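# Examining the three-dimensional arrangement
One letter stands for each residue in the lines below.
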Amino acid sequence: MLLATSAAVLGLGLAAPAMAGGTLRIAMTASDVPTTTGMPNNGYEGMRFLGYPIFEGLVLWDLSSADTLADIRPGLAESWSQDPNDPTKWVFKLRHGVTFHDGSPFNADAAIWNLERYYNSDAPQFEPQGSAIVRARNPNVAGYRKIDDYTLEISTDRPLSYFPYLLVYMLYSSPTQFEKVGSDWAAFAKAPSGTGPFKITDFKPRISVSLAKNATYWDKDRVPKLDGMELYPMPEATTRLAALRSGQVDWIEVPPPDAIPSLKGAGYEIVTNSYPHNWPWVFNLAKEDSPFRDVKVRQAANYCIDRDGMVELLNGTAEPSYGFFKKGSGKFGSPANAYTFDPDKAKALLAEAGYGPDKPVKAKVMISTSGSGQMLPLPMNEFLQQTLAQCNIAIDFEVVEWGTMLVAFRNDPTGPQSLGVDAMNISLVSSDISQMARWFWSANMAPNGSNWGHFQNAEYDKLLGEIQVASGDADVSAKVKRLNEIVVDEAPWLWIVHDLNARAMSDKVTGFVSAQSWFQDFTPVDLK
Amino acid sequence: MEIFILRRVLYAVPILLGVSIVIFGLVQLSPGDVADLLIPPEAPKEVADLLRQKFGLDRPVYEQYLIWLGNLLQGDLGVSIFTNQPVIDDLSSAIGNTLKLAVPAAVLGFALGIALGALAAVGRGGWLDKLLSGLAITGVSLPHYWVGIVLVAIFSVTYNILPAQGMGPQGFPSTWEQIQHLILPVITLSLIPMGVVSRLVRASVLEILSQEFVTTLHAKGLLHRRILLHIMKNAAPSVLAVMGLQFGYLLGGSILVETVFNWPGSGNLMNLAIFRRDVPVLSATILVLAGLFVVINILVDVLQALIDPRMRR
């Protein structure tokens, strides 16, 4: 309400000229400056701003195109290969001539030092916070060793053909700089050193962080055009909007949907791009009396939501979701169910499952008041509640704080932490096969993994197992399509919308390529 | 007087101890913990458990509390679990930032409150009283975050003459740029103390006006201005008590105003610590603020006792 009212109030204002020069000023949605040691907190927004611009991994995202889904590319490793005799072993050829911002070289010793920082809790450079984040995203690293100064071997606890996709979430910091500041991560955070195209020049907790161009960046094609960037944490959408409209910043993340028409009218650019980033309900299939244990009920719910209406509610900052990947993409396949807003079909399916006007489906859904990637959970869920009621699906909400939801998500769905809910509305990344394994593989059922809903499908598990040991891309591609078909038809999630990741910027900002990814590249950005 | 002050200071010890226990108890009662917020949602449970172990969060609450209290007595406020930075650094900068708002807001609010309250009382029942009372009630009643947003909409977005957010360059506010950043949040924050003090001053002055000694002063032929001074002196103890409380509230930082203006003060820090379950930051912040609150109230007690010796009893 506060957000909507204030967005409307501020929307009445007039545009003011920005005064940037060569420094791009960005308002993030984070409530604090993400940590600056090289493995940022604040979720993937932390990675977007205080991760990739400053620190890099062996493997990086290719964020150069707006036309195709972002894929991985060589980063600090020039190339990699899976050992044909032992598919749990991966050999990485490290890039020559890369230096950290402090001038020290990146080589196998520096890489091993960072792996120890994350995976060896007895190492002097062990960093608990960074380690927790890396190990969460890369739980399968079993060992590592230096082969020579520029060759590294990392082994996994089981064959994982998509292991390079997990390595984009492991960034490397300078061991030399760590020692120089007294072998203390708190001191390193104030004077960090990575290998990326920008370097941190000033860090004021809760206020701002300043980045400067790394003119000696190893990739000459990606030396930043900007002189620098100023990043401000601004969690309140209205404040971000006012900061943009008063010219205090040039770019804001996630403008309030209500303000988008007025921003456009005042000459600001609203940048979005289409890519798979689901905002779903995850159905609880483990709870004995959950109506969603019946696939017909899950499919009926999917036929009874007005996705286009939801997009309208969000002023076009989302697009309908019909499956894990986007419809029309090469990975979507041809599922039997093409979900549309079809209440009659939904009612027919519910009748087959034994539900109707006299016996409505009753379910409780856990929703959060806010949270990373949660978009606007309250109005969006109320919209769904109203739509589903048309098909005799009566939804109650268990409204919780974001931290409570995360606790529930990590525990058994029948445990007390889940508060007896039949589904949970939690935004989950849906970009690649590694995520499909996280959310749907039966071996990953919570609390042992992130398959909170306890979805289990024999064909899915078999195909995933084959993908994990596969070596040919063509074979993997066909199997990935089939995996998507299975999750669309079996509907372990209510497929609602994909977040378009909206951002608003002044007309001074040029050269930005909105990649089909949650992450973005700031090196081509310039200011008029 | 010395015994009076010593007694007040000694009272503060059990108060602060009680506050520290309540803080720990409440943090433990709230669902979730820092380990869950520190790591991504997809993190396996064992990673969260490892982190809890590393930070001693798996120990019994009383043990965590005693360790924290022991460190506190040695002047160590601990390290933020979330940022790994010393709590003392974050806290001192946050309280410093809040002081930059609280002091001018208190000065403005109290000065206006006293002036408007006294004027309203003197002109009791007339148009001036009604106007000033209306202003005071408006100041108290309007949600100040809303006032902040409206001020931003007018002065920052529409006319672009004042900054919409942030506090500008760090340091003591001495340059015009720094002062510009203060204007809107200070006005917003001063409204409540202005309203509260104004209403209280009006009521106190009216009560004193009806007392016999005022009639005596009039009968003795004292100037109106001198009589008003006597009245204000008599009204001072009760007004001071409320001013002390109001200044304490301002020091605690307004979470809403600091959010609207993106001001990195103590309210902002506490808000972050609550949502992150960052126990060291939260505990230290509340305890230090409670300590400041207690100190302010001791100062008010002393001032009241100086003005009115009967209060030393």
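Look up: the structure comes first, before these words.
We now turn to the structure provided with this report. (Residues numbered from 1 in each chain as written. Chains lettered and ligands numbered in written order. Predicted model: local features only at pLDDT ≥ 70, side-chain atom pairs only at ≥ 80, totals over all residues. Heavy atoms only, no water.)

## Points about the overall build of chain B
The secondary structure content of chain B amounts to 13 helices and 0 strands. Mapped from its N terminus to its C terminus, chain B presents α and β elements in the order α-α-α-α-α-α-α-α-α-α-α-α-α. On the principal axes, the C-alpha backbone points of chain B span a range of 85 × 55 × 35 Å. Counting across all 313 residues of chain B, residues that qualify as buried make up 49%. Excluding contacts between residues fewer than 6 apart, the proportion of contacts in chain B whose partners are at least 24 apart in sequence is 73%. When the accessible surface of chain B is totalled, it reaches about 14900 Å², and 69% of it is carbon and sulfur. One finds the centroid of the 20 positive side-chain charges in chain B at a distance of 17 Å from the centroid of its 19 negative side-chain charges. (Helix = DSSP H or I, 4+ residues; strand = E, 2+ residues; numbered from the N terminus. Buried < 20%, exposed > 50% of the residue type's maximum accessible area, 1.4 Å probe, protein only. Contact = heavy atoms within 4.5 Å. Areas by Shrake-Rupley, 256 points an atom, 1.4 Å probe, with all protein chains shown as cover. Lys, Arg positive; Asp, Glu negative; His and termini not counted. Charge placed at Lys NZ, Arg CZ, Asp CG, Glu CD.)

## Quick notes on the nonpolar core
One broad trend across soluble globular proteins is that nonpolar side chains are buried collectively. The biggest cluster of nonpolar side chains holds 148 residues, and the ones touching the most others in it are A:L58, A:F92, A:F106 and A:W281. It is helix α3 (residues 108–119) of chain A that provides the largest number of residues to this core, a total of 7 residues. Those residues in contact with A:F92 that lie beyond four places of it in its chain are A:L58, A:V59, A:A77, A:S79, A:W80, A:Y150, A:T151, A:L152, A:I154, A:F163 and A:L167. With 48 residues, the next largest nonpolar core counts B:A164, B:L189, B:M194 and B:I208 among its residues. (Core = buried A, V, L, I, M, F, W, Y, C linked by side-chain atoms within 4.5 Å.)

## Here's the deal with the side chain of A:N41
Looking at the element boundaries, A:N41 is found in the loop between β1 (23–28) and α2 (43–51). Given a relative accessible area of 4%, A:N41 falls into the buried group. Reaching out from A:N41, the side chain makes a polar contact with the backbone oxygen of B:F82 at a distance of 3.4 Å. The residues contacting A:N41, other than those within four sequence positions of it, are A:P34, A:T35, A:G46, A:I133 and B:F82. (Polar contact = N/O pair within 3.5 Å; in protein donor to acceptor, adjacent residues only side chain to side chain.)

## Side note on the interface of chain B and chain A
Taken residue by residue, the interface counts 52 residues in chain B and 57 residues in chain A. Roughly 4500 Å² is buried in total at the junction of chain B and chain A, and carbon and sulfur atoms are behind 61% of that figure. Here A:K190 and B:D89 are joined by a salt bridge, their closest N and O atoms 3.6 Å apart. Here chain B is connected to chain A by 11 residue pairs in polar contact (both at pLDDT 80 or more). Elements that contribute at least two residues to the side of chain B that touches chain A include exactly α2 (34–38), α3 (45–54), α5 (87–122), α7 (144–158), α11 (255–260) and α12 (266–276) of chain B. (Buried area = accessible area lost by both parts, 1.4 Å probe. Salt bridge = Lys/Arg side-chain N within 4 Å of Asp/Glu carboxyl O.)

## Regarding the pattern of salt bridges
Residues and elements named next belong to chain A. Per the counting criterion, the structure on display carries 24 salt bridges over all chains. A salt bridge links R48 to E253; the shortest N-O distance between them is 2.4 Å. Residue R48 is found in helix α2, and its partner E253 is found in strand β11 (residues 251–253); the two are separated by 205 residues along the sequence. Here the two residues R48 and E253 agree in accessibility, since each one is buried. Salt bridges linked by common partners bring R48, E253 and R503 together as one network.

## A few points about the sheet that holds strand β6 (residues 141–148) of chain A
Two strands in a sheet stick together by hydrogen bonds in their backbones, pointing the same way (parallel) or opposite ways (antiparallel). Residue and element names in this part refer to chain A. Pairing is antiparallel in the open sheet, where 4 strands are placed in the order β4-β5-β7-β6. Looking at strand neighbours, the two that pair on one side only are β4 (77–82) and β6, the edges of this open sheet. Between one strand and the next, the sheet's axes are offset by a mean angle of 20°, whatever the strand orientation. Direction of pairing for strand β5 (residues 89–94) relative to strand β7 (residues 151–156): antiparallel, over a ladder of 5 bridges. (Pairing = 2+ DSSP bridges. Axes fitted to C-alpha atoms, helices over the stretch in contact; angles between N-to-C directions.)

## Structural notes on the packing of aromatic side chains
Residue and element names in this part refer to chain A. In this structure the tally under the stated criterion is 32 aromatic pairs over all chains. Ring plane angle 65° and centroid distance 6.4 Å describe the contact between W61 and Y169, whose orientation is recorded as edge-to-face. Of this pair, W61 sits in strand β2 (residues 59–62) while Y169 sits in the loop between α5 (163–166) and α6 (175–180); the two residues are 108 residues apart in sequence, bridging distant segments of the chain. By relative accessible area, W61 is classed as buried at 7%. (Phe/Tyr/Trp six-rings, centres within 6.5 Å; stacked < 30°, edge-to-face > 60°.)

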